[in-house]
Amino acid sequence: WRLPNVKELQSLIDFAYYSPALSSASGTSQWTSGNAFSGVQSRHYWSSTTYSSNTSYAWGVYLDDGYVSYGSKADTYFVWPVRAGK
């Protein structure tokens, strides 16, 4: 398992929806609990992408609206692990 990079996290976002900005597995409606994923929070999720101007920071995505922002690596946010390749 690994943390996705910021582009991978952004690929989950569907701007047609809000809180969370995710579509269902079929892509025809907004995500609801248990539809493809469970425990999703409309909060900030870390990516593995370090902020180049200050390596003490990393990029993340807010799942409520898809906003991309960076934060201090000392802060506590959610993670969405993805399966690593073989």
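This text follows the structure it describes.
Residues numbered from 1 in each chain as written. Predicted model: local features only at pLDDT ≥ 70, side-chain atom pairs only at ≥ 80, totals over all residues. Heavy atoms only, no water.

Caption draft 1: Structural view of the sheet that holds strand E2 (residues 57-62). Across the sheet, three strands lie side by side as E1-E2-E3; this open sheet has antiparallel pairing. Of all the strands in the sheet, just strand E1 (44-50) and strand E3 (68-72) have a single pairing partner and so form its edges. Within the sheet, the average angular offset between the axes of one strand and its neighbour, ignoring direction, is 40°. With four bridges joining them, E1 and E2 adopt antiparallel strand pairing. What sits directly across from Tyr-45, in E2, is Val-61. (Pairing = 2+ DSSP bridges. Helix = DSSP H or I, 4+ residues; strand = E, 2+ residues; numbered from the N terminus. Axes fitted to C-alpha atoms, helices over the stretch in contact; angles between N-to-C directions.)

Caption draft 2: Representation of the packing of aromatic side chains in the model. Enumeration over the complete set of coordinates arrives at nine aromatic pairs. With centroids separated by 5.3 Å and ring planes inclined at 85°, the aromatic side chains of Trp-59 and Tyr-70 adopt a geometry described as edge-to-face. Placement of Trp-59 in strand E2 and of Tyr-70 in strand E3 is noted, with a sequence separation of 11 residues between them. Judged by relative accessible area, which is 23%, Trp-59 ranks as partly exposed. A residue is classified by how much of its surface remains accessible, and Tyr-70, at 38% relative accessible area, is partly exposed. Centroid distance Tyr-62 to Tyr-67: 6.1 Å. Interplanar angle 40°. Geometry classified as tilted. Among the aromatic side chains, those forming a connected cluster through ring pairs are Phe-37, Tyr-45, Phe-78 and Trp-80. (Phe/Tyr/Trp six-rings, centres within 6.5 Å; stacked < 30°, edge-to-face > 60°. Buried < 20%, exposed > 50% of the residue type's maximum accessible area, 1.4 Å probe, protein only.)

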